[in-house]
Amino acid sequence: MDIIVKAAAVGVVGAILAVTLREYKKEFALFIGIASGIVILGLLLESIGEIGALLSAMTRTAGINGEYVAIMAKIIVISYICEFAAQFCSDAGEKAIGSKIELAGRILILSASVPIIRDLFELITSLSF
């Protein structure tokens, strides 16, 4: 609960500073937005580590193939990074670049999914009569 209060405070202060600076120096407003985002992500690092440790423990306990969990985690990370970068581009007035980042993310997610798709296809074909 403590982290969300800090993250919200950083976000609100960053937004107020960005709006105030946008009138005078537009480029500084963008830097404030980027810095606020980085600080918020920094606040989340410990929680992200805890989630990774939980997934790892659950994978070992359940006897699930670790490769599949790693692929799932990679896909989630790709989606969050793309969303983060696309929103920054949108804030900077470069929506076209942001949409290209989103497209790149979709392609990378599909590419990361190939081993699972391949294994699923092999399973289906092995069940054929």
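Read on for a plain summary of the structure. (Residues numbered from 1 in each chain as written. Predicted model: local features only at pLDDT ≥ 70, side-chain atom pairs only at ≥ 80, totals over all residues. Heavy atoms only, no water.)

Summing up its helical and strand segments, the protein has 4 helices and 0 strands in all. Beginning at the N terminus, the succession of helices and strands in the protein can be written as α-α-α-α. For 129 residues, the compact-globule estimate of 2.2 N^0.38 gives 14 Å, and the protein exceeds it by more than 25% at 20 Å. Its C-alpha atoms give the protein principal-axis dimensions of roughly 70 × 35 × 15 Å. Within the protein, buried positions represent 15% of all 129 residues. (Helix = DSSP H or I, 4+ residues; strand = E, 2+ residues; numbered from the N terminus. Rg over C-alpha atoms; globule rule 2.2 N^0.38 Å. Buried < 20%, exposed > 50% of the residue type's maximum accessible area, 1.4 Å probe, protein only.)

Considering all chains together, one arrives at 1 aromatic pair under this definition. Each ring, one from F84 and one from F88, has its centre 4.7 Å from the other, and the planes form 85°; the classification is edge-to-face. Of this pair, F84 and F88 both sit in helix α3 (residues 66–91), separated by 4 residues, roughly a single helical turn. The class of F84 is partly exposed, set by a relative accessible area of 30%. Using a relative accessible area of 17% as the deciding quantity, one classes F88 as buried. (Phe/Tyr/Trp six-rings, centres within 6.5 Å; stacked < 30°, edge-to-face > 60°.)

Taken as a whole, this structure holds 2 salt bridges when the rule is applied. The partner of D2 in a salt bridge is K6, with the nearest N and O atoms 3.4 Å apart. Taken together, the positions of D2 and K6, both in helix α1 (residues 2–22) and 4 residues apart, correspond to about one turn of that helix. Residues R118 and D119 are paired through a salt bridge, measuring 3.7 Å at the closest nitrogen-oxygen approach. (Salt bridge = Lys/Arg side-chain N within 4 Å of Asp/Glu carboxyl O.)

Further remarks concern α1. Taking 1.5 Å per residue, 21 residues should reach 30 Å; α1 reaches 30 Å between its end C-alpha atoms and fits that length. A7, G14 and A18 are the residues of α1 that are buried. In a view along the axis of α1, the buried residues occupy a sector of 35°, so they form one face of it. Turned more than 90 degrees away from the buried face of α1 sit V5, I16 and V19, all of them exposed. In this fold, the buried residues of α1 make contact with α2 (26–62). (Expected span 1.5 Å × (residues − 1). Arc of directions from axis to C-beta. Contact = heavy atoms within 4.5 Å.)

Contact pair α2 / α3: the axes reach a minimum separation of 12 Å and the direction vectors enclose 170°. Taken together, the axes of α2 and α3 are roughly antiparallel relative to one another. Mapping the contact onto sequence places L30, G33, I34, G37, I38, L41, L55 and T59 in α2 and G66, V69, F84 and F88 in α3. Taken together, the residues of the contact of α2 with α3 break down into 8 nonpolar, 4 polar and no charged. (Axes fitted to C-alpha atoms, helices over the stretch in contact; angles between N-to-C directions. Parallel < 35°, antiparallel > 145°, perpendicular 65-115°, else oblique. Nonpolar A, V, L, I, M, F, W, Y, C, P; charged D, E, K, R; others polar.)

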